[in-house]
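Listed below are the residues making up each chain.
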Amino acid sequence: MRPNPSHLTEIEQDALAEIANMGVSRAANSLRQMVGEQVLLSVPAVGIVTRQEASRLVERNNIKKLVAVQQSFQGPFDGRALLIFPEVQSLELVRAIVGDQHSLEDVIDLEHEALAETGNIILNGCLATMANVLHRTMGVSLPTIVRGDGARIFELEGFGSEAAFVLFLYIDFNIKRHDLHGFIALLMDLPSTAALKAIIHDFIRGIEKQPSDYAG
Amino acid sequence: MQYKVLVVDDSKLARMVMASAFRRIRPDWSLVETASADEALAVVSADKVDVALVDFNMPGTDGLELIARIYQSHPDMPIAVVSANVQDEIIARARKLNAGFIPKPLTDEALSAFLSGAALRLKRAAK
């Protein structure tokens, strides 16, 4: 990730990473409950990057066949939340969630359903936590599933081609027993980033106003 | 006492998870599954339903609108929103309607707590 300092100051970057961290931690906790085992998380990364850079980041080990469950969100700032992982691991993720007692046919039948609902739970948990921390309300769309490479996944409906730069927050997760790797990512265009920055400033001011003996 | 529970969720997986939780914690209660608000309203007007568990984010009518409509004809039915959308505003709107809120991923504990309260209310109302 190559953050662009002209767009995000250090404190903005730090606050965003912390808020994103709360959101994705809740998301990871949900995932843990669903798969019944520990989910390891990376430190969240935040930065303003081009969509090509974002694409490359999620094509880890040059794996270009990806599946993403995505939900768009609208409110004081708009964007998309995505749960992304290699397509070859899609059935394994479904199996981790529905349990080993189902046959392969059942798992294949359930794949779309299970991906959509899993994405829904994980992404909603992330977005709702961020909205609550920032004392704002967000509308969240129904989940849709996209398959393809990073560029295909980050094609933004309604975002013009001028939206070359995006605010990209991501964290990677790892479910050891199933050897599953993936990303939870948030993508916003720059007008939304400006709105988000204003809200982040309110959030930082709110913390600064708290009494100095406040340890949290 | 056996009660009939209406489950409304557009996700088949979510309904499976709910059915599996009932098999563990209330195996004698019966479930009616529907995938949309329209189907749910048809069931509520045709069948005797005691309790309803309603997803929030569904195509068409959302869960809170559906609950408001169910309360018009069944003001005393114990109903909970079941959703991963744990935004304060959504939970506050559910409370305002007098509905419960059960977060997803669904846990037996959260469902069980709501159902115990619902059973108590239904027992009291039957007296």
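Everything below is about the structure printed above this text.
Residues numbered from 1 in each chain as written. Chains lettered and ligands numbered in written order. Predicted model: local features only at pLDDT ≥ 70, side-chain atom pairs only at ≥ 80, totals over all residues.

### Considering the overall build of chain A
Next, step 1: Helix and strand counts for chain A stand at six helices and eight strands.
Next, step 2: Seen in sequence order, chain A has helices and strands lined up from the N terminus as α-β-β-α-β-β-α-α-β-β-α-β-β-α.
Next, step 3: Counting the 216 residues in chain A, one finds 44% classified as buried.
Next, step 4: Long-range contacts, defined as pairs at least 24 residues apart, comprise 72% of the intrachain contacts of chain A with a sequence gap of at least 6. (Helix = DSSP H or I, 4+ residues; strand = E, 2+ residues; numbered from the N terminus. Buried ≥ 20, exposed ≤ 12 C-beta atoms within 10 Å, placed from the backbone. Contact = placed C-beta atoms within 7 Å.)

### Some thoughts on the interface of chain B and chain A
One frequently used descriptor of interface size is the decrease in accessible area upon assembly of the parts.
Next, step 1: At the junction of the two partners, chain B supplies 15 residues and chain A supplies 19 residues.
Next, step 2: Listing elements by their share of the side of chain B that touches chain A, those giving two or more residues are helix 1 (12–25) and helix 4 (88–96) of chain B.
Next, step 3: Considering every element that reaches the side of chain B that touches chain A, the biggest residue donor is helix 1 of chain B, with three residues.
Next, step 4: When its residues are assigned to classes, the side of chain B that touches chain A shows six nonpolar, five polar and four charged. (Nonpolar A, V, L, I, M, F, W, Y, C, P; charged D, E, K, R; others polar.)

### Some details on the sheet that holds strand 4 (residues 79–83) of chain B
Residue and element names in this part refer to chain B.
Next, step 1: Taken in spatial order, the five strands line up as 2-1-3-4-5 in an open sheet, and their pairing is parallel. Pairing within the sheet leaves two strands with one partner each, and these edge strands are strand 2 (30–34) and strand 5 (100–103). Strand-to-strand twist across the sheet, computed as the mean angle between neighbouring axes with direction ignored, equals 20 degrees.
Next, step 2: The pairing of strand 1 (residues 4–8) with strand 2 spans five bridges and is classified as parallel. (Pairing = 2+ DSSP bridges. Axes fitted to C-alpha atoms, helices over the stretch in contact; angles between N-to-C directions.)

### Structural notes on the environment of Leu127(A)
Residue and element names in this part refer to chain A.
Next, step 1: Among the structural elements, Leu 127 can be located in helix 4 (residues 104–133).
Next, step 2: Under the C-beta neighbour-count criterion, Leu 127 is labelled buried, with 26 such atoms within 10 Å.
Next, step 3: Along the sequence, Leu 127 and Arg 80 sit 47 residues apart, while their C-alpha atoms lie 9.8 Å from each other.

### Thoughts on the nonpolar core
Next, step 1: In this structure, Leu127(A), Ile184(A), Ala185(A) and Ala52(B) are the most contacted members of the largest nonpolar core, which totals 100 residues.
Next, step 2: Counting residues per element, this core draws most heavily on helix 4 of chain A, at twelve residues.
Next, step 3: Beyond its immediate chain neighbours, meaning those up to four positions away, Ala185(A) contacts Val58(A), Leu82(A), Ile84(A), Phe168(A), Leu169(A) and Tyr170(A). (Core = buried A, V, L, I, M, F, W, Y, C linked by C-beta atoms within 7 Å.)

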